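Per-entry structural report
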Amino acid sequence: MTELSRLSGRTELQLAVEAARDALADAHMDASSVDAVLTYHLNDSAPVNTVAAALRLADPVWTNEFYGGGTQAASILGDAAMLIDSGLASTVLVYRALNGRSGKRMGQAALRLGSSGNEQFTLPYGMLGPVHLFALAAQRWMYETRATERDLAAVVMRSREHAAANPRAVLRTPVSAEEYRSNPYVATPLRRLDCCLETDGAAALVITRAEVADVVRPGSPRIHAVVRGGGPGSTTMDKAADVGRIFSAYLAEPLYKAAGMTPDDIDVAQLYDAYSFLVLQQLEDFGLCPRGQAGAFVRDGQTGLHGSMPVNLNGGLLSEGYVHGMNNVAEAVRQLRGDGSTQQVPDPQVALCTGFGGSYGSAAILVRG
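Residues numbered from 1 in each chain as written. Predicted model: local features only at pLDDT ≥ 70, side-chain atom pairs only at ≥ 80, totals over all residues. Heavy atoms only, no water.

Brief notes about the pairing of strand β6 (residues 200–208)
Taking burial as the measure, the nine residues of β6 include eight buried ones, the bulk of the element. Sheet topology note: the strand β3 (residues 91–99)/β6 ladder contains nine bridges and is antiparallel. Paired with Val92 across the bridge in β6 is Ile207. (Buried < 20%, exposed > 50% of the residue type's maximum accessible area, 1.4 Å probe, protein only. Helix = DSSP H or I, 4+ residues; strand = E, 2+ residues; numbered from the N terminus. Pairing = 2+ DSSP bridges.)

Have a look at this one:
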């Protein structure tokens, strides 16, 4: 990963190339080994072919870029694994680079009806961006489960607690319950502290055949299972039959089936936390805590380093930074290798990673090498 900041002073291409070179160095490989490059973006990144050229990769090289945000964070691992399993590639470089604070900012929207026919029905009611749709989902879920702002505050405070030990984290100052309650609302029930950061930075991963990894980087985690999908409404949550039901409610069962595992097998979770309430829902949907008890589960310290289910030990997207979920996946890799740079879970064997963007999302299970 590059430095995470609010003003990188560099182009997305420079960020992408730096992260890619660092990932290759970490894997003890060089650019000549790479025969595929994948990325995802929202028209806010460096084109994949430009990055491949800047790295001076040998031709021919398989390149592809997916339009999308957080939904791709876990599923792009599956895309890379399928390239390798099919024999189309041997080593795949995956990156996400953006100037999410100093460049194109997702949270900003023009006060106009826009060109989309659907927008005429949502913009007049304040649906200007992702936070408003997620607030709608959060409000409904909290009503149904009787979750409170105390539960949301617990997620935010735990995120900062984890980030405090992380030198990469943009926000490392602890947050008290009183400070949380005094924070302004962005869209009820979500306060500013409930929303992920807008960040400049890049993260990259190197994915290769297991027999190669065992030689060049012993102990590298395996991609064990990946699923992608969602329910009715997809990312247009205002049209969903059940706006309070997010991707994890649909993907948990197929993920465990594909992995041949149960929730009891998970040792550490890196959950997509674009908004605080998503952590609570995913904990329950993936069976990592009892239904209706996610808030108490977090408050009791169960998602901390020494809890029964450590979650987002890097501080997550709420505190470390927002690289559209790839920084969370990178932390899962570190944890399974035993070199978590912030807080290290003792001897983890299985990690859950997720990506999300509405009712649609993805999830991956990584296992220790």
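And the narrative resumes.
Thoughts on the pairing of strand β10 (residues 360–367)
Regular strands place side chains that alternate from one sheet face to the opposite one. Of all eight residues in β10, seven are buried; the element is thus mostly enclosed. By the bridge criterion, eight bridges tie strand β7 (residues 222–230) to β10 in an arrangement that is antiparallel. Residue pairing across strands places Gly229 opposite Gly361, the latter belonging to β10. Relative to β10, strand β9 (residues 350–356) runs antiparallel, the two being bridged by seven bridges. Counted as the bridge partner of Thr354 is Ala363 from β10.

Regarding the environment of Asp79
Note that Asp79 resides in helix α3 (residues 72–86). Each C-alpha atom, one on Asp79 and one on Val92, is 9.7 Å from the other, the two residues being 13 residues apart in sequence. Residues in contact with Asp79, not counting those within four places in the same chain, are Leu38 and Phe66. (Contact = heavy atoms within 4.5 Å.)

Some words on the pattern of salt bridges
A full pass over the atoms with the stated rule returns 17 salt bridges. One network of salt bridges, in which partners are shared, links Asp26, Arg217, Arg337 and Asp339. (Salt bridge = Lys/Arg side-chain N within 4 Å of Asp/Glu carboxyl O.)

Some points on the sheet that holds strand β1 (residues 36–41)
The mixed open sheet is built from four strands, whose spatial order is β2-β1-β3-β6. Both edges of this open sheet fall to β2 (62–67) and β6, since each of them pairs with a single strand only. On average, each strand axis in the sheet is inclined to that of its neighbour by 15°, with strand direction left out of account. Bridge count between β1 and β2: six bridges; the pairing is parallel. Its bridge partner lying in β2, Tyr40 is registered against Phe66. (Axes fitted to C-alpha atoms, helices over the stretch in contact; angles between N-to-C directions.)

What to know about the packing of aromatic side chains
Given two aromatic rings, one states the distance between the centres and the angle between the planes to describe the pair. In this structure the tally under the stated criterion is five aromatic pairs. Ring geometry for Phe134 and Tyr275: centres 4.8 Å apart, planes at 35°, overall tilted. Of the two residues, Phe134 sits in helix α5 (residues 130–145) while Tyr275 sits in the loop between β8 (268–270) and α10 (276–285), which places them 141 residues apart along the sequence. For Phe134, a relative accessible area of 7% corresponds to the buried category. Here Tyr275 falls in the buried class, since its relative accessible area comes to 8%. Consider the rings of Phe247 and Phe356, whose centres lie 4.7 Å apart with planes at 25°: the pair is stacked. A residue pair is termed long-range when its members are at least 10 positions apart, and Phe247 in helix α9 (residues 247–259) and Phe356 in strand β9 qualify at 109 residues. Of the two residues, Phe247 and Phe356, both sit in the buried class. Three or more aromatic residues joined by ring pairs form one cluster here, namely Phe134, Phe247, Tyr275, Phe286 and Phe356. One residue, Arg191, lies across the ring of Tyr185, its end atom 4.1 Å from the ring centre. (Phe/Tyr/Trp six-rings, centres within 6.5 Å; stacked < 30°, edge-to-face > 60°. Lys NZ or Arg CZ within 6 Å of the ring centre and 35° of its normal.)

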